[in-house]
Each structure stands twice: as structure tokens, then as C-alpha cells.
Amino acid sequence: GTLSATVQPEAGVTYAKKLSKDEARIDWSQPAELIARRIRAFNPAPVAWCELGADRVRFWNARALPLPSNAEPGTVLDADAHGLHIATTDGRLLVTELQRPGGKALPASLVCRDWKLSGQRFS
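No experiment lies behind these values; they were computed from the predicted model shown.

**Examining the overall build of the protein chain**
From N to C terminus, the protein chain includes two helices and six strands. Listing every helix and strand of the protein chain by position from the N terminus yields α-β-β-β-β-β-β-α. Rg of the C-alpha trace for the protein chain: 18 Å, well past the compact-globule value of 14 Å for 123 residues, more than 25% over. Projected onto the principal axes, the alpha-carbon positions of the protein chain cover approximately 55 × 30 × 30 Å. Going through the 123 residues of the protein chain one by one, you find that 34% of them count as buried. Long-range pairs, those at least 24 residues apart, make up 53% of the contacts in the protein chain with a sequence separation of at least 6. With the model as given, the accessible surface of the protein chain reaches about 7,800 Å², and the carbon-plus-sulfur share is 51%. In the protein chain, the 16 positive side-chain charges and the 13 negative ones have mean positions that sit 4 Å from each other.

**Comments concerning helix α1 (residues 32-41)**
Along α1, the residues that are buried comprise Ala32, Ile35, Ala36 and Ile39. Looking straight down α1, one finds its buried side chains confined to an arc of 100 degrees; they lie on one side.

**Brief notes about the pattern of salt bridges**
This model, assessed by the stated rule, comprises five salt bridges. A salt bridge links Glu33 to Arg37, with the nearest nitrogen and oxygen atoms 3.5 Å apart. Highlighted residues: Glu33 and Arg37, both in helix α1, separated by four residues, approximately one helical turn. The partner of Arg121 in a salt bridge is Glu72, with the nearest N and O atoms 3.4 Å apart. One end of the pair, Arg121, is in the segment after α2 (108-114); the other, Glu72, is in the loop between β2 (55-65) and β3 (76-80), with 49 residues separating them in the sequence. We classify Arg121 as partly exposed; its relative accessible area is 39%. A single salt-bridge network, built from bridges that share partners, covers Glu33, Arg37 and Arg40.

**Thoughts on the packing of aromatic side chains**
Counting across every chain of the model gives three aromatic pairs. Linked through ring pairs, Trp28, Phe59 and Phe122 together constitute an aromatic cluster. We note Arg56 situated over the ring of Trp49; from NZ or CZ to the ring centre the distance is 3.6 Å. Above the plane of the ring of Trp115 lies Arg100, whose end atom (NZ or CZ) is 4.2 Å from the centre.

**Describing the nonpolar core**
It is characteristic of soluble globular proteins that their nonpolar side chains tend to be buried jointly. In terms of nonpolar packing, the biggest core is built from 26 residues, with Trp28, Phe59, Leu84 and Phe122 touching the most fellow members. At the level of secondary structure, the elements contributing two or more residues to this core comprise α1, β1 (48-52), β2, β4 (83-87), β5 (92-99) and α2. Element by element, the count of residues in this core is highest for β1, at four residues.

**Quick word on the confidence of the model for the protein chain**
Keep in mind that low pLDDT regions are not for reading the predicted coordinates in detail. Mean pLDDT for the protein chain: 93, with 100% of residues reaching 70 or above. Mean pLDDT values for the elements of the protein chain range from 89 in α2 up to 97 in α1.

Here is what the cut-offs are and how they apply
- Residues numbered from 1 in each chain as written.
- Predicted model: local features only at pLDDT ≥ 70, side-chain atom pairs only at ≥ 80, totals over all residues.
- Heavy atoms only, no water.
- Helix = DSSP H or I, 4+ residues; strand = E, 2+ residues; numbered from the N terminus.
- Rg over C-alpha atoms; globule rule 2.2 N^0.38 Å.
- Buried < 20%, exposed > 50% of the residue type's maximum accessible area, 1.4 Å probe, protein only.
- Contact = heavy atoms within 4.5 Å.
- Areas by Shrake-Rupley, 256 points an atom, 1.4 Å probe, with all protein chains shown as cover.
- Lys, Arg positive; Asp, Glu negative; His and termini not counted.
- Charge placed at Lys NZ, Arg CZ, Asp CG, Glu CD.
- Arc of directions from axis to C-beta.
- Salt bridge = Lys/Arg side-chain N within 4 Å of Asp/Glu carboxyl O.
- Phe/Tyr/Trp six-rings, centres within 6.5 Å; stacked < 30°, edge-to-face > 60°.
- Lys NZ or Arg CZ within 6 Å of the ring centre and 35° of its normal.
- Core = buried A, V, L, I, M, F, W, Y, C linked by side-chain atoms within 4.5 Å.
- pLDDT = per-residue confidence, 0-100.

Here you go:
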């Protein structure tokens with residue numbers, strides 16, 4: 001109740017264009033922390049995504065893990081009770097929530113029970 005409104009200066013004001021779906025495509029050549037931040041930034045719209053074969057998979061939540069990986073970036077390393085582990089250039093990305101084509105966003109641990117992804121590579 002004690003703060004007073006301050007008018008912002010018009011100098012330096014810029015317009016931010018609407019984010020496109022193409023900007024939300026995951027680039028697996030980036031570090032895990034950057035990919036995780038981008039996934040969170042594009043939630044709820046336009047939602048981060050990449051392709052697995054001909055299917056577009058949407059990623060709703062993830063975090064970087066400091067675990068080493070020798071696999072090619074984008075390769076699925078494992079799926080466990082915590083989520084889906086994917087190789088990046090500097091470690092691993094743990095995807096905790098994702099969406100299959102035609103489905104709804106679910107915890108990755110549930111989605112991966114019926115979807116065998118180990119060894120496959122996202123592009």
C-alpha cells in the first residue's frame with residue numbers, strides 16, 4: 001500500500017513479436033541446461049518440440065543433469081521412474097513431462113511405460 005506508480009520512459013521501447021512454433025524446435029547440439037530452459041520458456045505456448053521419425057513429440061518440462069554421456073545428442077539413453085534421459089552435447093536432459101502425437105501431456109515416466117524409446121534418436 002505504500003508504493004507509488006512510476007511512468008516508464010518511452011525511449012528504448014521495442015516490440016516483441018509473437019513466438020513461432022519453429023522457434024520452439026529443440027536443437028540437440030545445445031547444452032542440456034540451455035535446452036531445459038528453452039523447454040520451460042516455451043511452456044505453455046508454443047511448446048518445445050522435436051521429431052522422432054515422422055512423429056512430432058512435445059516437451060513440457062525438463063531439467064539438466066550433470067551426468068556424462070558418450071551418445072550422440074538427441075539419443076534416448078534410458079527411461080525410468082524419474083522420466084526420459086536424453087543425451088546432449090554436455091550431459092543429459094531429464095524430460096519429466098511430454099506429449100505423444102494425438103495424446104495429452106503426461107509425466108514422462110507414464111508415457112515411456114508403453115513406448116519403448118531406448119536407443120532411438122530425436123531430431
